[in-house]
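If you want the building blocks of each chain, they are given just below.
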Amino acid sequence: MTLRLYNTLTRRKEEFSPIDPANVRMYVCGPTVYDYAHIGNARPVIVFDVLFRLLRHLYGPEHVTYVRNITDVDDKINARAKEEGVSIRELTERTAKQFHADIAALGVLTPTHEPRATEFIGPMIEMIEILIAKGNAYVADGHVLFDVTSTKDYGQLSKRSLDEMVAGARVDVAPYKRGDMDFVLWKPSDAETPGWDSPWGCGRPGWHIECSAMSWKHLGEVFDIHAGGIDLVFPHHENEVAQTRCAFGHKVMANIWMHNGFLQVEGQKMSKSLGNFVTINELLEARKFGSNMWHGKVLRLAMLLTHYRQPIDWTVDRLVETRSLLADWIASAKNQGDPNRVPSKLVEALSDDLNTPSAISILHGLGKSARSEPSVENFDALGSALKFLGLWESEKSDKIMGYGVESGTDQVDPVLVDSLVASRLEARKAKDWKESDRIRDELATMGIAIRDNKDGTTTWEVKL
Ligand code: AMP
Ligand code: ZN
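Residues numbered from 1 in each chain as written. Chains lettered and ligands numbered in written order. Predicted model: local features only at pLDDT ≥ 70, side-chain atom pairs only at ≥ 80, totals over all residues. Heavy atoms only, no water.

Provide a residue-level description of the site of ligand 1, including the pertinent values.
As a matter of local geometry, ligand 1 sits amid 15 residues, with G40, G229, D231, L263 and M270 nearest to it. One of the side-chain nitrogen or oxygen atoms of D231 is found 2.4 Å away from an oxygen atom of ligand 1. Between ligand 1 and L263, the relevant distance is 2.8 Å, taken from a nitrogen atom to a main-chain nitrogen or oxygen of the residue. Surface burial for ligand 1 is 87%, taken as the share of its 480 Å² of free accessible area covered by protein chains. Of all the secondary-structure elements, those providing two or more residues to the shell around ligand 1 are α1 (39-59) and β9 (223-229). Its residues assigned to classes, the shell around ligand 1 comprises 5 nonpolar, 8 polar and 2 charged. (Near = heavy atom within 4 Å. Polar contact = N/O pair within 3.5 Å; in protein donor to acceptor, adjacent residues only side chain to side chain. Areas by Shrake-Rupley, 256 points an atom, 1.4 Å probe, with all protein chains shown as cover. Helix = DSSP H or I, 4+ residues; strand = E, 2+ residues; numbered from the N terminus. Nonpolar A, V, L, I, M, F, W, Y, C, P; charged D, E, K, R; others polar.)

Could you give me a rundown of unusual backbone geometry, with the residues and numbers involved?
P235 follows F234 through a cis peptide bond whose omega is 0 degrees. Residues other than glycine seldom take positive phi values, yet D141 does so here, at roughly 55 degrees. Of note, D141 is situated in the loop between β5 (137-140) and β6 (143-146). Looking at D141, the relative accessible area reads 60%, which means it is exposed. One non-glycine residue with positive phi stands out, namely K334, at about 45 degrees. Position of K334 among the secondary structure elements: in the loop between α10 (316-332) and α11 (344-350). (Buried < 20%, exposed > 50% of the residue type's maximum accessible area, 1.4 Å probe, protein only.)

How would you sum up the coordination of the zinc ion (ligand 2)? Please name residues and give values.
The protein atoms that coordinate the zinc ion (ligand 2) are C29 (SG), C211 (SG), H236 (NE2) and E240 (OE), at distances of 2.1 to 2.6 Å. Mapped onto the polypeptide sequence, the residues donating to the zinc ion (ligand 2) form the spacing pattern C-x181-C-x24-H-x3-E. Of this pair, H236 and E240 are both found in helix α7 (residues 233-248), 4 residues apart, which corresponds to roughly one turn of the helix. Looking at H236, the relative accessible area reads 1%, which means it is buried. On the basis of relative accessibility, which here comes to 0%, the residue E240 falls in the buried class. (Donors = N, O, S within 2.8 Å, 3.2 Å for Na, K, Ca; no water.)

Any details on the pattern of salt bridges? Residues and values, ideally.
In the structure shown here, the tally under the stated rule is 25 salt bridges. The salt bridge involving D418 is made with R323; its shortest N-O contact spans 2.9 Å. Of this pair, D418 sits in helix α15 (residues 414-429) while R323 sits in helix α10, placing them 95 residues apart in sequence. Residues D418 and R323 agree in their burial class; the two are buried. Taking the shortest distance from any N to any O, the salt bridge between D452 and R428 comes out at 3.5 Å. Here R428 lies in helix α15 and D452 lies in strand β14 (residues 448-452), a separation of 24 residues in the sequence. A residue is classified by how much of its surface remains accessible, and D452, at 34% relative accessible area, is partly exposed. (Salt bridge = Lys/Arg side-chain N within 4 Å of Asp/Glu carboxyl O.)

Outline helix α4 (residues 121-133), supporting the account with residue identities and numerical values.
Helix length check: α4, at 13 residues, gives a terminal C-alpha distance of 18 Å against a target of 18 Å (1.5 Å per residue), a fit within 8%. Turning to α4, its buried residues are I121, P123, M124, I125, M127, I128 and L131. Taken together, the buried residues of α4 touch β5, β6, β7 (183-188), β8 (203-205), α6 (207-219) and α7. Of the residues flanking the end of α4, it is G135, one or two places downstream, whose phi is positive at about 85 degrees. (Expected span 1.5 Å × (residues − 1). Contact = heavy atoms within 4.5 Å.)

Hey, could you go over the confidence of the model for the protein chain for me, with residue numbers and the actual values?
Per-residue pLDDT for the protein chain has a mean of 90; in total, 93% of the residues score no lower than 70. Per-residue pLDDT stays below 50 along residues 395-410; that stretch engages in 27 contacts with residues further than four places along the chain or on separate chains. (pLDDT = per-residue confidence, 0-100.)

Which residues make up the sheet that holds strand β12 (residues 268-269), and what values do they have?
Pairing between sheet strands relies on hydrogen bonds along the backbone, with the strands arranged either parallel or antiparallel. Spatial strand order, β12-β11-β13: 3 strands in an open sheet with mixed pairing. This sheet does not close on itself; its edge strands, each paired only once, are β12 and β13 (312-313). In the sheet, strand β11 (residues 263-265) pairs with β12 via 2 bridges, with the strands oriented antiparallel. Of the residues in β12, the one forming a bridge with V265 is Q268. (Pairing = 2+ DSSP bridges.)

Structure, rendered in structure tokens:
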């Protein structure tokens, strides 16, 4: 099967051909840990988890290396720690833990490596020294800056000329910079700011050099896929490219660059700075949306309904619809399925630049077949597709297959409850009272009480 991926570097879909099929290497820029992640931040986590699953399927689970970093040194972190009166370490540890707890509910596999920037200060210093020695960087006033005029390919990824960048960018004007677009590799720290000894005094790294150093150490000088949200193309990824290429002298840093579109609220990017955000945590705890509990898999499916490069407009209605869709599918799959028996047409759809809308329409078809022609094969095809896409987990099969899914919360799983309630309604329609009672008992052992209403619907609540 040919995998085709859209490459931001060439602005077209390309056939994916790994440098080493025995070790396919991808890097995704991870969170800066100073606050709860919002559901916009969940988008790259989910989208590139689907890519990870697909690559594992195509090349074998042990032949894919996925690195997603944690940025735990950044001025936003310093400012927040000061504001809260806590140590930087306390803030970053707490936030990283929260991030893991939040995304565990989204059905994502654990990346192969999750490096923290503070553990890679040595390689960052090493790279900066190489860049200075090669004439790509200069020391000025305790800072080290990258000279963007030192490489004629600066702008390779974002396809902008230096003149356009200067005209369009909000650049930090600083007296020690030779050129407005030069960016910081290293900056001095005072007694209150975290700092490390370096040839340029006590200081800390700039954001871009962190990813260049972490990807270098885990994936090498050139690797297969580098990904993140579309807002990272410029300046973050452009600067990563400049640093890594100039340090090691290769034509590219990564062969394929992938970028997900924004999750938007009323046409605007969901972001911390605009204040229009919902955190993953809030959604899971449903603090904002009344008594409903939103399961992470519903959020996952809601994201996958749209192709990863398109924007998504966020609405609560979208979640409501998605939740009943997922519950129906899970009920229809009747506990069958294995993530390793994924239907080949699903793999085909995803191999066309992660065409998840097409994968979802395949799920619709499989759901229909499972209901109209109930057979173990049909249940299995649907269940396997759901599991492969990370929309439904059964611990036993995941463990057997070595799927390292981080353990979820011990909360009630509303999608599972909905699906059991739907199965029970089906049994009642078929006058299968024994099955209906069995499901009621199963729900009772989960601490769920159900009530059959006069209008034929069934409602449920968690017994305290
Ligand atoms: P940050 O912590 O802001 O660097 O973001 C972490 C990741 O989330 C990056 O890959 C961003 O591109 C991505 N991201 C941030 N906001 C959004 C959004 N509204 N929609 C989609 N991706 C986003
Ligand atoms: Zn990065």
